Structure formats: structure tokens, C-alpha cells
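# Notes for the structure review
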Amino acid sequence: MDEFHTESAYPMISFERAWEIVAAHVRPLPPVEAGLREMVGCVLAEDVRSQVDVPSFPASRMDGYAVVAADTSWEREVLGEEDAGEALDVVVRPGTALRIMTGAPLPHGADAVIPVEDTSEEGGIVRLKRMVRPGENVRPIGSDLAKGEVAVPAGTVMGPAEIGLVATLGLATARIYPKPRVMVLATGDELVQPGQPLGPGQIYDSNSFALCAAVELAGGMALRGERVIDTEEALRASLLQAIEQADLVITSGGVSMGTRDLVKPVLESLGRIYFGRVAIKPGKPLTFAQVRGVPVFGLPGFPVSSLVTFEMVVRPAMRLLAGHRALWRPEVQARLSHPLRHDDDRTEFQRAVIIRRDGTYWASTTGAQASSRLKSLLGANALLRIPQGVGDVPEGATVTAILIDQPEQ
Ligand code: AMP
Ligand code: MG
């Protein structure tokens with residue numbers, strides 16, 4: 001390839017159309033059985049039903065004495081002591097009580113527990129300071145979770161409470177969608193690994209590290225490939241290896257019109273390109289392909305372009321793979337603290353800081369929005385979506401802010 005590429009092969013499509021195409025080609029990964037320590041952040045693939053009642057026996061809610069509630073005597077003979085984990089074979093009758101610890105099963109005959117604070121014990125006799133109601137301080141069978149009940153529904157993201165519930169049921173595993181393995185390949189002859197000396201005209205590869213971080217924060221397992229030099233052979237070999245190892249592949253660089261921009265022709269030869277130009281800023285040459293069933297995103301080389309296109313297209317695609325139902329970040333309407341320049345021919349995602357003042361969100365820019373200026377993403381907690389068809393936006397106007405981080409209060 002030693003000629004400039006022409007763009008004519010790839011019609012310009014809207015951001016919305018691009019997402020529709022991606023959504024039509026990306027399916028959740030096959031569910032797997034995962035252990036309790038492996039499922040955090042993953043989406044549950046099947047309902048987890050309770051096979052047992054929780055608790056499975058009437059259990060004491062307090063440290064105290066198991067008694068018969070209908071008994072009206074103030075003093076009762078203590079039959080012994082039962083700890084959590086024990087199940088004593090004693091029967092509590094009127095005139096008797098069993099010292100009982102929190103979580104221990106209620107003994108036969110007893111129907112209530114009087115807390116130790118409401119008693120005093122001496123010489124094997126417990127004195128009650130008050131009477132108790134039947135059922136008081138007893139957790140009935142199945143009161144936390146009844147047998148057959150759905151404990152955690154499919155589609156739930158597994159957090160502490162959900163994982164705790166699965167464990168409560170005695171299950172060591174659950175069926176979840178696995179975290180997508182995402183291969184990140186940086187392309188470019190000019191790239192040097194950080195830590196190495198830089199030659200004339202060379203730059204450090206920042207994209208592969210930035211994208212691996214973005215993959216991890218999006219709930220994926222990032223695999224970082226070796227830097228790929230700008231030859232068709234090298235790119236083909238790296239891509240073929242990547243689709244063997246990963247559920248999704250990201251390349252950075254090599255998707256524009258330079259003579260060394262080989263990602264599109266190589267993807268074309270290996271699989272199918274679904275789009276190669278999107279009316280967005282930054283990130284116009286964003287490319288989406290599939291190679292042997294594996295989705296491949298060709299992200300532009302400029303650092304801001306690669307991260308913004310990751311955020312807007314790859315992250316939701318990863319969430320589709322991971323079985324999430326909620327794909328998008330929260331959005332708020334925010335007022336501009338200053339006017340914005342915007343060309344109406346494409347949808348723009350401008351990096352901004354959102355603060356909330358007196359119930360209103362205010363957006364201010366992070367400075368120059370050049371695609372090469374990674375600092376425009378530093379401290380940004382939102383991307384302002386300025387739609388195609390809209391021109392310059394005046395100060396005070398309301399725009400949609402996609403929250404990529406918490407807004408400041
Ligand atoms: P390309 O689309 O390959 O022409 O890349 C466009 C520009 O993005 C390059 O000239 C570099 O300045 C920059 N770039 C490409 N890849 C990387 C990378 N991995 N890390 C940092 N900057 C990059
Ligand atoms: Mg390049």
C-alpha cells in the first residue's frame with residue numbers, strides 16, 4: 001500500500017446508526033459456572049432459586065432464654081445452654097427455660113426468646129423482668145427466604161449482597177456471563193514503549209495503556225498485545241492471534257487515509273467491515289468489523305479519539321457481551337457556562353466538568369478539545385453530546401451531559 005486510501009468505500013453514517021449496527025452483531029457471551037469469589041461485577045445468567053428455607057429452623061434472634069410465652073411464672077428453672085451450631089435435645093415446658101445464643105435453634109416446646117437484658121439468673125433460676133409474646137425474638141422457618149423463591153433474578157449484577165445471598169443458600173457457584181477478554185493492539189511504526197529512549201520522530205505508545213485501563217474499568221479483562229508495526233503481514237498476524245485469545249479486539253491507529261493506515265484493508269481481507277466512517281467528533285474513522293465471529297473495533301490513533309470512541313461505542317458493546325441490560329451511562333441536562341463552537345455536520349462529544357449548583361447542573365469545558373490533547377480528558381466527568389444538525393451553542397443553553405464520573409456537588 002503506497003497510495004493514499006480513498007474514503008469512498010465507507011459511507012459516512014450517523015452515531016445512532018453505528019450503534020444500531022454494533023448492537024445487531026454483538027451477543028452476550030455463553031454463560032459459565034463461576035465460583036463465589038469470581039463473580040463480582042458479573043451479570044447473573046439464570047435466576048438463583050432458593051432450594052432451602054432460610055432459616056431452615058426457627059432461630060433465636062437474641063442472646064437470652066428460650067421460654068414458653070403462655071407461661072405466666074416469673075421464675076423458671078434453667079435447663080442448660082445452647083449455642084449457635086448446636087441443637088440440644090431438650091423440651092422447654094412451663095416453669096423452665098433454656099439459655100440460648102443468637103442463631104441457635106429454638107428448642108422443642110419453646111415459642112419465644114426473652115433477651116438476657118430483661119432477665120437475671122442466679123442458682124439455676126432465671127427471673128424475668130417482663131413477660132414475652134409468642135414468637136418474640138424468633139426468626140421463623142423461611143422468614144428470610146422461602147424455599148422455591150427467586151433469591152437473585154437473572155440479569156442482576158453480582159455485588160456483595162447478591163453474592164452473599166447465593167452463599168447463604170449453600171451454593172458455591174452460579175451461572176454468570178463471563179467478563180469479556182479484550183485484546184488491545186496499538187499499531188504504528190512511530191510507537192515506543194514507555195521506559196525506552198525515544199528516537200527522532202517517535203512517540204510513546206499511550207493508547208494501549210489508556211485503553212487497557214478503560215477496558216478494566218468497563219468490567220473487562222484487558223490483554224495488551226505487542227505493538228504492531230505498519231505492515232499488512234504484521235497486522236494480519238496480530239489480528240489472527242488476537243481473535244483466538246479474546247472475545248473482542250480493539251486496535252488503535254491506522255484507520256485513517258494515510259498510506260500506512262492498513263487496519264481497514266487487513267480487516268477487509270480477514271473478515272467483514274460493517275462501517276468505517278461515523279459522523280462523530282472526535283473519532284470519525286471509527287471502524288467496526290467482525291473476524292470469525294469476533295467483533296473488532298478499529299479506533300483512531302489520536303489519544304482523545306481512541307478513548308472517546310471507546311467510551312461511546314466499545315464500552316456499551318462490552319456490556320452487551322457481558323450480559324448487562326443497562327448499557328449506557330447516566331445522562332443529565334446541563335447548562336453551558338460558556339458558548340460552544342460546533343459544526344453541524346457531526347455529533348460531537350466534548351469533554352467537560354459538570355458541577356451541581358442550586359439544583360442545576362452547569363457544564364464547563366476542560367479547555368482545548370484537540371484530539372491529541374489527552375489533558376482534555378483529565379478531570380472530565382462528562383461528555384457533552386452536541387448532536388448533528390445543531391450549530392454553535394450559546395452560553396446558558398441546555399445540553400445533554402453523559403456522566404462518565406460523579407458530578408461535583
Ligand atoms: P494514525 O491514525 O495511526 O495515523 O494515528 C494518528 C496519530 O495518533 C499519530 O500520529 C500519533 O500521534 C497518535 N497515536 C497513534 N497511536 C498512538 C498510541 N498508541 N499512543 C499515542 N498516540 C498514538
Ligand atoms: Mg498509525
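Details of the structure are given in the entry above.
The text that follows walks through the structure, step by step, so that each part is easy to find.

How each quantity is defined
- Residues numbered from 1 in each chain as written.
- Chains lettered and ligands numbered in written order.
- Predicted model: local features only at pLDDT ≥ 70, side-chain atom pairs only at ≥ 80, totals over all residues.
- Heavy atoms only, no water.
- Helix = DSSP H or I, 4+ residues; strand = E, 2+ residues; numbered from the N terminus.
- Rg over C-alpha atoms; globule rule 2.2 N^0.38 Å.
- Buried < 20%, exposed > 50% of the residue type's maximum accessible area, 1.4 Å probe, protein only.
- Contact = heavy atoms within 4.5 Å.
- Areas by Shrake-Rupley, 256 points an atom, 1.4 Å probe, with all protein chains shown as cover.
- Lys, Arg positive; Asp, Glu negative; His and termini not counted.
- Charge placed at Lys NZ, Arg CZ, Asp CG, Glu CD.
- Pairing = 2+ DSSP bridges.
- Axes fitted to C-alpha atoms, helices over the stretch in contact; angles between N-to-C directions.
- Near = heavy atom within 4 Å.
- Polar contact = N/O pair within 3.5 Å; in protein donor to acceptor, adjacent residues only side chain to side chain.
- Nonpolar A, V, L, I, M, F, W, Y, C, P; charged D, E, K, R; others polar.
- Phe/Tyr/Trp six-rings, centres within 6.5 Å; stacked < 30°, edge-to-face > 60°.
- Lys NZ or Arg CZ within 6 Å of the ring centre and 35° of its normal.

For the protein chain, the helix and strand inventory stands at 6 helices and 26 strands. By the compact-globule yardstick of 22 Å for 409 residues, the protein chain is too spread out, its C-alpha radius of gyration being 31 Å. Within the protein chain, the proportion of its 409 residues that are buried is 49%. Once local pairs closer than 6 in sequence are excluded, the contacts in the protein chain between residues at least 24 apart make up 70%. Summing over all exposed atoms, the protein chain offers an accessible surface of approximately 19500 Å²; the carbon and sulfur share of this is 52%. Where the 40 positive side-chain charges of the protein chain centre and where its 51 negative ones centre are 5 Å apart.

What follows deals with the sheet that holds strand β17 (residues 248-252). Taken in spatial order, the 6 strands make up an open sheet running β16-β13-β17-β21-β20-β18, and their pairing is mixed. Across the chains shown, the open sheet's two edge strands, defined by having one partner strand only, are β16 (221-224) and β18 (272-275). Each strand axis lies, on average, 25° off the axis of its neighbour in the sheet, ignoring direction. Relative to strand β21 (residues 294-299), β17 runs parallel, the two sharing 4 bridges. Bridge pairing in β21 links Thr-251 to Gly-298. In the packing of helix α1 (residues 15-25) onto the sheet, contacts are made with β18, β20 (287-291) and β21, and the angle to β18 comes to roughly 140°.

With respect to spatial proximity, 16 residues lie near ligand 1, and among them Asp-205, Ser-206, Asn-207, Gly-254 and Gly-301 are the closest. Taking Ser-206, its main chain carries an N or O atom lying 3.0 Å from a nitrogen atom of ligand 1. The separation between a nitrogen atom of ligand 1 and a polar main-chain atom of Gly-301 is 3.1 Å. Within the shell around ligand 1, the residues separate by chemical class into 6 nonpolar, 7 polar and 3 charged.

Moving on, we get to the packing of aromatic side chains. Applying the stated criterion across every chain yields a total of 5 aromatic pairs. Relative to Phe-297, the ring of Phe-288 has its centre 4.9 Å away and its plane inclined at 35°; by these criteria the two rings are tilted. Each of the two residues, Phe-288 as well as Phe-297, counts as buried. Grouping aromatic residues by their ring pairs yields a cluster made of Tyr-274, Phe-275, Phe-288 and Phe-297. Positioned above the aromatic ring of Tyr-10 is the side chain of Lys-264, whose terminal nitrogen or guanidinium carbon lies 5.6 Å from the ring centre. Just above the ring of Tyr-361 sits the side chain of Arg-356; from NZ or CZ to the centre is 5.1 Å.

Read these as geometric descriptors, not functional statements.
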